[in-house]
Amino acid sequence: SPLSVIRKIKPKTFADLPDDRTLVMGILNVTEDSFSDGGKFLDSGAAIEQGLKLLYAGADIIDVGGESTRPGAEDIDPEVEQARIIPVIESLVKAGAVISVDTMHVDTARAAIAAGAHIINDVSGLTHEPGMPQLIAETGVPYVLMHRRGTAATMVTEANYQDVVAEVVAELRELRDKFVAAGVAPEQIILDPGLGFAKDAEHNWALLAHLEKFEALGHKVLVGTSRKRFLGELLAEAGKPREPLGRDAATAATTVLAAREQAWAVRVHDVQGSRDALEVVRAYGSH
Ligand SMILES: Nc1nc2ncc(COP(=O)(O)O)nc2c(=O)[nH]1
């Protein structure tokens, strides 16, 4: 029976992740307003089913988020966020998935770790809750430190840079130093340039083309381009941007580019597309 199959599955650890290729982090938004799949997976059953689909499509990690991070998204209550994602995390951990939790809230991060989550993925750039470094230091879990300026409400006004790569690297280094000063081991920290967070299209392209500057800080690098507006604008026809669901081929192309820059992982909606793209990179690189 399926239950007996599930019982045989040994829960995975972070250390079980492959280290010979760029990893694929599948996006599971348990929210009602994320820009490309908002509302589809709000109830736990549908979310768990979608999580299993991502797992079987080849996701190395599943990124479970209970709060939309799109520009202008309103802040939700951590209790609501936890009610949405904790049951999903528990089930997917039992199914053998490695789970990252996309949250800015310390209480949610703590509850998710207690539920078996392996990684905390915090898009706030430490602008949300000052207690996050201490939780990450205490628990020792890997932490994605993503660059952002301002908040979901204000970040669109902050996309002003003289040299976006140099400035984002410098601001992430500063944040990294705060986490290390709080007792977080450097190897726990995964950096992410935060494409689209207080960045316009030209900023995103510059950051994607210079991931080596982030790797030079001595950390794994995660990249999130999937279905984002800058890809829609690139593929616009007659001034109308390509719709989010039509951006998966372009996303897979950015996966190739990130893999060629030795990115640790890419965060995508279409897991199969990026796993296939990474097989192409592997085959190409072995000749
Ligand atoms: N680490 C990380 N997390 C993220 N979470 C949400 C979104 C917004 O996209 P979504 O609404 O499709 O989740 N982008 C990122 C990202 O680029 N990096």
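Below you will find a few notes about this structure. (Residues numbered from 1 in each chain as written. Predicted model: local features only at pLDDT ≥ 70, side-chain atom pairs only at ≥ 80, totals over all residues. Heavy atoms only, no water.)

### Here we look at the overall build of the chain
Then, number 1: Within the chain one finds 11 helices and eight strands.
Then, number 2: Dimensions of the chain along its principal axes, counting C-alpha atoms only, are 55 × 45 × 40 Å.
Then, number 3: A burial count over the chain gives 53% of its 287 residues as buried.
Then, number 4: For the chain, restricting intrachain contacts to residue pairs at least 6 apart in sequence, the fraction spanning at least 24 positions comes to 69%.
Then, number 5: In the form shown here, the chain has an accessible surface area of approximately 12,400 Å², with 56% of it arising from carbon and sulfur atoms.
Then, number 6: Across the chain, the centroid of the 29 positively charged side chains sits 5 Å from that of the 42 negatively charged ones. (Helix = DSSP H or I, 4+ residues; strand = E, 2+ residues; numbered from the N terminus. Buried < 20%, exposed > 50% of the residue type's maximum accessible area, 1.4 Å probe, protein only. Contact = heavy atoms within 4.5 Å. Areas by Shrake-Rupley, 256 points an atom, 1.4 Å probe, with all protein chains shown as cover. Lys, Arg positive; Asp, Glu negative; His and termini not counted. Charge placed at Lys NZ, Arg CZ, Asp CG, Glu CD.)

### Focus on the packing of helix α4 (residues 106–114) against helix α5 (residues 132–139)
Then, number 1: Two numbers describe how α4 lies on α5: the axes approach to 9 Å, and their chain directions differ by 15 degrees. Relative to α5, the element α4 lies roughly parallel. α5 is crossed by α4, and the crossing has right-handed handedness. Residues Val 106, Ala 109, Arg 110 and Ile 113 of α4 lie in contact with α5, whose contacting residues are Met 132, Leu 135 and Thr 139.
Then, number 2: The residue inventory of the contact of α4 with α5, partitioned by class, reads five nonpolar, one polar and one charged. (Axes fitted to C-alpha atoms, helices over the stretch in contact; angles between N-to-C directions. Parallel < 35°, antiparallel > 145°, perpendicular 65-115°, else oblique. Left-handed = near helix turned anticlockwise from the far one by under 90°. Nonpolar A, V, L, I, M, F, W, Y, C, P; charged D, E, K, R; others polar.)

### Brief notes about the site of the ligand
Then, number 1: The full set close to the ligand counts 15 residues, and Asp 102, Asn 121, Asp 192, Lys 228 and Arg 267 are the nearest of them.
Then, number 2: Lys 228 places a side-chain nitrogen or oxygen 2.7 Å from an oxygen atom of the ligand.
Then, number 3: In the model, an oxygen atom of the ligand is placed 2.7 Å from a nitrogen or oxygen of the Arg 267 side chain.
Then, number 4: When the ligand sits alone it has 410 Å² of accessible area, and the protein chains cover 98% of it. (Near = heavy atom within 4 Å. Polar contact = N/O pair within 3.5 Å; in protein donor to acceptor, adjacent residues only side chain to side chain.)

### Points about the packing of helix α2 (residues 44–56) against helix α3 (residues 78–94)
Then, number 1: Where α2 contacts α3, the two axes come as close as 9 Å, and the packing angle between them is 40 degrees. Overall, the two elements α2 and α3 adopt an arrangement that is oblique. Of the two possible hands of crossing, α2 and α3 adopt the one that is right-handed. Between α2, through Ser 44, Ala 47, Ile 48, Gly 51 and Leu 52, and α3, the contact on the second element is made entirely by Arg 84, Pro 87, Val 88, Ser 91 and Leu 92.
Then, number 2: For the contact of α2 with α3, the class distribution of residues is six nonpolar, three polar and one charged.

### Quick notes on the side chain of Ser 100
Then, number 1: Residue position: Ser 100 is located in strand β3 (residues 98–102).
Then, number 2: Look past the residues within four positions of Ser 100 in its chain and what remains in contact with it is Met 25, Ile 61, Ile 62, Asp 63, Val 64 and Ile 119.

### What to know about the pairing of β3
Walk down a regular strand and you will see the side chains alternate between the two sheet faces.
Then, number 1: Burial runs high along β3: five of the five residues are buried.
Then, number 2: The alternating pattern of β3 places Val 98, Ser 100 and Asp 102 and Ile 99 and Val 101 on opposite faces, both of which are buried.
Then, number 3: As defined by bridge partners, strand β2 (residues 61–65) adjoins β3 across five bridges and the pair is classed as parallel. For Gly 65, the partnering residue across the bridge sits in β3 and is Asp 102. (Pairing = 2+ DSSP bridges.)

### Let's talk about the pattern of salt bridges
Then, number 1: Here the structure, examined in full by the defined rule, presents 12 salt bridges.
Then, number 2: Close ionic contact of Arg 21 with Asp 60 constitutes a salt bridge, the shortest N to O distance being 2.8 Å. Placement of Arg 21 in the loop between α1 (2–8) and β1 (23–29) and of Asp 60 in the loop between α2 and β2 is noted, with a sequence separation of 39 residues between them. Here the two residues Arg 21 and Asp 60 agree in accessibility, since each one is buried.
Then, number 3: Across the pair Arg 267 and Asp 102 runs a salt bridge, and its minimum N-O distance is 3.4 Å. Of the two residues, Arg 267 is situated in strand β8 (residues 265–268) and Asp 102 in strand β3; the sequence distance between them amounts to 165 residues. The residues Arg 267 and Asp 102 share a single accessibility class, namely buried.
Then, number 4: Three or more residues are tied together by salt bridges with common partners; here these are Asp 63, Asp 102 and Arg 267. (Salt bridge = Lys/Arg side-chain N within 4 Å of Asp/Glu carboxyl O.)

### Topic: α3
Then, number 1: The end-to-end C-alpha distance of α3, which contains 17 residues, comes to 23 Å, matching closely the 24 Å that a straight helix rising 1.5 Å per residue would cover.
Then, number 2: Ile 85 marks where α3 bends most, by close to 30 degrees; the proline Pro 87 follows one to four residues later.
Then, number 3: Along α3, the positions that sit buried rather than exposed are Pro 78, Glu 81, Gln 82, Arg 84, Ile 85, Ile 86, Val 88, Ile 89, Leu 92 and Val 93.
Then, number 4: Each element contacted by the buried residues of α3 is listed here: β1, α2, β2, β3 and α4.
Then, number 5: Backbone nitrogen of Glu 79 and a side-chain oxygen of the N-cap are separated by 2.8 Å at the start of α3; the cap is Asp 77.
Then, number 6: Just downstream of α3 lies Gly 96, where phi reads positive at about 95 degrees. (Expected span 1.5 Å × (residues − 1). Bend = angle between axes of the 7 residues up to and from the residue.)

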